Amino acid sequence: MEALILLLIGVIAIPILIIISYSSKKRTAQQQKGEPRIKITVKSPNVPRLACPRCGSPVMLRGNRWECGWCLDSGDLGSLSCMQTQTELPARIICRVDFAQTWADLKTELARLVPQHAAMLMPSLRQAAVHQISLSPMPEEEQIEPSRLRDMRAFFEANIEFSPSTQRIVQGEILFEDEGVLSERRFGTFWQSLLEALEEEGAIPWDTDTDQFFYDFACFACWRTGGPCADPAFLDKKYALMRAFHDRWEALHPEEQEGEEYQ
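Residues numbered from 1 in each chain as written. Predicted model: local features only at pLDDT ≥ 70, side-chain atom pairs only at ≥ 80, totals over all residues. Heavy atoms only, no water.

Phi at L72 is positive, roughly 65°, even though this residue is not glycine. Note on placement: L72 falls in the loop between β3 (65-68) and β4 (74-76). The backbone of F176 shows a phi angle near 50°, a positive value even though the residue is not glycine. Looking at the secondary structure, you find F176 in the loop between α5 (166-170) and α6 (177-180). A residue is classified by how much of its surface remains accessible, and F176, at 29% relative accessible area, is partly exposed. (Helix = DSSP H or I, 4+ residues; strand = E, 2+ residues; numbered from the N terminus. Buried < 20%, exposed > 50% of the residue type's maximum accessible area, 1.4 Å probe, protein only.)

Following this line, the structure appears as structure tokens:
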């Protein structure tokens, strides 16, 4: 008789256990597919909360008293302090070239280098600057940061005298190459005019500080990649431009150069 009762209990219990097991697996599968298992609530950083004066944890209110669930401390409400909740927000730093400031610095440097010829060279200085802007390489990810593109467009819209086609620059076309090119093999018309102006005003290569001047040109040359703080090749670009110009300039003063070597 006892064996018969146990058999009947087993026959009834096994289907029930199978149903419970199936339901549990189904709920687990639903959670894995779409239901979040962890919910994070971000509170406003401007809303203060009551904190335990002992450990700083949030407290529970019990009438006119409070209790800390972390360190188990408690007390009157008057002994509580307020603390601000903290919210972590994703952020990134975007390095950009300040077109307006760079252009202003470039004009200042030209006036310092050749004060008597600066006004005459200004139109070709614009062309040389636009050439470097158009020459700026694309970032490695093949996408221009939208804010950098907006800066470039805003600069040209605010300086009508440049009158270049911003769309041509966006498409990667090189502008004013004859005027602005500067390399070991090629010397644009602006650079030739600047060299002649320096000679006429009696400037000497070894006594003339052109560091900021070529720094500004290099800024334009790497605006797509973020400028000095983001482009690891910035200094290489700057010194490549400076060397190309100074090599041509110093070649006009072989005697002075020999004198400097013997001193």
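Text resumes after the structure shown.
Before going further, it helps to examine the pattern of salt bridges. Enumeration according to the criterion identifies 8 salt bridges in this entry. One salt bridge in this structure joins R96 and D151, with 3.1 Å as the shortest N-O distance. Here D151 lies in helix α4 (residues 146-158) and R96 lies in the loop between β5 (81-84) and α2 (99-113), a separation of 55 residues in the sequence. The partly exposed category is assigned to R96, whose relative accessible area is 44%. The partner of K238 in a salt bridge is D211, with the nearest N and O atoms 2.6 Å apart. In this pair, K238 is assigned in helix α9 (residues 234-250) and D211 in helix α8 (residues 211-221), connecting sequence segments 27 residues apart. Residue class for K238 comes out buried when judged on its relative accessible area of 4%. One network of salt bridges, in which partners are shared, links E177, D178 and R186. (Salt bridge = Lys/Arg side-chain N within 4 Å of Asp/Glu carboxyl O.)

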